[in-house]
Amino acid sequence: YGGMGLDFSYNIAVAEELGNIRCGGITLAIGVQAGMATPALTRFGSHELKKQFLVPTIAGDFVACLGISEAGAGSDVANIKTTAVRKGDEYVINGGKMWITSGSQADWMCLLANTSEGPPHRNKSLICLPMNLPGIHVAKKIDKLGMRSSDTAQIFFEDVRVPCKNLIGEEGKGFTYQMLQFQEERLWGVATGLTPMETIIQETIDYTRQRKVFGQPVLHNQTVHFRLAELATEVELLRSLLHRAVALYVEGNDVTKFASMAKLKAGRLTREVTDSCLQFWGGMGFTSEVLVSRFYRDLRLMSIGGGTDETMLSIICKYMDILPRK
């Protein structure tokens, strides 16, 4: 379908390299295209759907977006309210989606919607939804703290009709497909955070080496160089966990627990690195002129998007069999 036929480890290599872009929003937009909106279509979509949606997306002619989150259901995917009711050979879609990356410019959406009245984990389906259909309203581009170059939209659906053949895989399997899709999204997200953290640490070393306070370079204070050494060590530990998870995933294993652990650690560590380093920049760190302040804002999304830290902890607890049963 126009791709190179490489395994998922190559996605992660690309994601780490994209971290060299000094702007999180660009990396995020590429990530949605390559690792968030398309894995389910690639794995479960029909040949016809792949020709219609995947081929132009791989070629870069189509922009894709992922329609999961809603105003009342972010990490709580099972609680989404958008419906796709089958009428003849069409689904009629009503509801809305929130915080949709690339939503203002997307040509199609990988949409998760309720297609029956059944249990919340078995009543959902993924649908390829062209974004130029009547009844689709892109309400607004959301003004955000970080990732400001990436458009994030609120979208409403009012009696939107889409052919039933646009269903990805089987009806009712959408929640399961999306959970699989999340694993690639979360591993991609972790990978994109590694290089920015290394860059921030190195730029902080360079700045504190030449910046003098009380007659000596800031870097010569033990609290500064010890802290930077600690942070560099944490980044390397995270990279090792990521690479282990990816190797297991490529071999066909379920890496939900490791992917969740890596995502949790990445969210917390990006906050720790950017906050600690910004402090060592002093007043300059509080300006918009330095990279550390940009990544302080951009990387804050890591603990929220694609599943919050708290959701990751719940998943880990579930796999450890220590989550209280309802």
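All residue numbers refer to position in the chain's written sequence, counted from 1. Since the coordinates come from a predicted model, pLDDT governs what is reported: local features require at least 70, and pairs of side-chain atoms require 80 or more to be given and counted, while whole-chain, interface and lining totals use all residues. Remark: hydrogens and water are excluded; side-chain values derive from all non-hydrogen atoms of the structure.

Colleague: Report on the overall build of the protein, specifying residues and quantitative values.
Modeller: Each helix and strand in the protein was counted, giving 9 helices and 10 strands. Structurally, the protein occupies a C-alpha span of about 80 × 40 × 40 Å along its principal axes. Buried means the residue's accessible area, taken with a 1.4 Å probe over protein chains only, is under 20% of the maximum for its type, while exposed means over 50%, and partly exposed covers the values in between. Each of the 326 residues in the protein was classed as buried or not, and the buried ones make up 50%. Partitioning the contacts of the protein with sequence separation of at least 6, the portion at a separation of at least 24 is 74%. Charge counting follows a simple rule: Lys and Arg are positive, Asp and Glu are negative, and His as well as the terminal groups are ignored. Charge positions are represented by NZ for Lys, CZ for Arg, CG for Asp and CD for Glu. When the 35 positive and 34 negative side-chain charges of the protein are each reduced to one mean point, those points stand 3 Å apart. The numbering of helices and of strands both runs from the N terminus, where a helix is a DSSP run of H or I of at least 4 residues and a strand a run of E of at least 2. Residue contacts are counted whenever heavy atoms from the two residues lie within 4.5 Å of one another.

Colleague: Can you break down the nonpolar core residue by residue, with the values?
Modeller: The set of buried Ala, Val, Leu, Ile, Met, Phe, Trp, Tyr and Cys residues whose side-chain atoms join them within 4.5 Å is what this entry labels a nonpolar core. Counting residues in each nonpolar core, the largest one holds 68 residues, and the members touching the most others are Leu187 and Val273. Sorting elements by how many residues they give to this core places helix H5 (residues 174–210) first, with 13 residues. Each domain span listed reflects an automatic or database assignment of domains. Two domains each put at least three residues into this core: domain 1 (37–170) and domain 2 (176–320). If sequence neighbours within four positions are ignored, leucine 187 has contacts with Phe8, Ile12, Leu242, Ala245, Val246, Val255 and Ala259. Counting residues in each nonpolar core, the second largest holds 20 residues, with Ile100, Met131, Ile136 and Leu167 among its members.

Colleague: Kindly report on the pattern of salt bridges, identifying the contributing residues and their values.
Modeller: Where charged atoms from two side chains of opposite charge come close, those side chains can pair. The term salt bridge refers to a side-chain nitrogen of Lys or Arg lying within 4 Å of a carboxyl oxygen of Asp or Glu. Per the stated rule, a full pass over the model turns up 18 salt bridges. Between arginine 43 and glutamate 184 there is a salt bridge, with its nearest N and O atoms 3.1 Å apart. Of this pair, arginine 43 sits in helix H3 (residues 39–44) while glutamate 184 sits in helix H5, placing them 141 residues apart in sequence. When its relative accessible area of 37% is taken as the criterion, arginine 43 is described as partly exposed. Judged by its relative accessible area of 10%, glutamate 184 is buried. In this structure, the salt-bridge partner of arginine 239 is glutamate 236, at a minimum N-O distance of 2.9 Å. Of this pair, arginine 239 and glutamate 236 are both found in helix H6 (residues 222–250), 3 residues apart, which corresponds to roughly one turn of the helix. Residue classification places glutamate 236 among the partly exposed residues on the basis of a relative accessible area of 40%. Through salt bridges with shared partners, a single ionic network connects Glu16, Glu198, Glu236 and Arg239.

Colleague: Can you break down the UniProt feature "domain: Acyl-CoA oxidase/dehydrogenase middle" (unreviewed entry) in the protein residue by residue, with the values?
Modeller: UniProt positions are given in the numbering used here, feature names are shortened, and annotations may be inferred rather than shown by experiment. With numbering matched to this structure, UniProt assigns "domain: Acyl-CoA oxidase/dehydrogenase middle" (unreviewed entry) to residues 65–160. The distance separating the terminal C-alpha atoms of residues 65–160 is 17 Å; by composition the span is 0% helix and 51% strand.

Colleague: I'd love a proper account of the domain arrangement of the protein, names of residues and values included.
Modeller: Each assigned domain of the protein is listed here: domain 1 (37–170) and domain 2 (176–320). Buried area counts how much accessible surface, traced with a 1.4 Å probe, disappears from two parts once they are put together, with both parts' losses summed. Summed over both sides, the interface of domain 1 with domain 2 buries roughly 1400 Å², with 61% coming from carbon and sulfur. Of all residues in domain 1, Arg43, Ser75 and Met147 give up the largest surface area on contact with domain 2, accounting jointly for 32% of the area buried on that side. Run the count over domain 1 and domain 2 and you get 1 salt bridge. Under this definition, polar contacts are N or O atom pairs within 3.5 Å; protein pairs additionally need one hydrogen-donor-capable and one acceptor-capable atom, and for neighbouring residues in sequence, both atoms have to be side-chain atoms. Scanning the region where domain 1 abuts domain 2 turns up 7 residue pairs in polar contact (both at pLDDT 80 or more). Element by element, the count of residues in the side of domain 1 that touches domain 2 is highest for H3, at 4 residues. For this classification, Asp, Glu, Lys and Arg are treated as charged, while Ala, Val, Leu, Ile, Met, Phe, Trp, Tyr, Cys and Pro are nonpolar and the rest, including Gly, are polar. Residue composition of the side of domain 1 that touches domain 2, grouped by class: 12 nonpolar, 4 polar and 3 charged.

Colleague: Requested: an account of the UniProt feature "domain: Acyl-CoA dehydrogenase/oxidase C-terminal" (unreviewed entry) in the protein, with residues and values cited.
Modeller: Those places that UniProt annotates as "domain: Acyl-CoA dehydrogenase/oxidase C-terminal" (unreviewed entry) correspond, in this numbering, to residues 172–318. Secondary structure within residues 172–318 divides into 74% helix and 3% strand; the distance between the first and last C-alpha atoms comes to 23 Å.

Colleague: With reference to specific residues and values, describe helix H1 (residues 8–18).
Modeller: Where H1 is concerned, the buried positions are Phe8, Ile12, Ala15, Glu16 and Leu18. The arc that holds every buried residue of H1, seen down its axis, measures 160 degrees, which confines them to one face. Residues of H1 that are buried sit in contact with helix H2 (24–36), H5 and H6. Picture the helix axis, draw a direction to every C-beta atom, and the arc is the one those directions span.

Colleague: Provide a residue-level description of unusual backbone geometry, including the pertinent values.
Modeller: With phi around 70 degrees, serine 102 is a residue other than glycine that occupies positive phi space. Positionally, serine 102 belongs in the loop between strand S3 (90–101) and strand S4 (108–114). When its relative accessible area of 3% is taken as the criterion, serine 102 is described as buried. The phi dihedral of phenylalanine 214 falls on the positive side, at around 55 degrees, and the residue is not glycine. Inspection of the secondary structure puts phenylalanine 214 in the loop between strand S9 (212–213) and strand S10 (216–217). A relative accessible area of 85% means that phenylalanine 214 is categorised as exposed.

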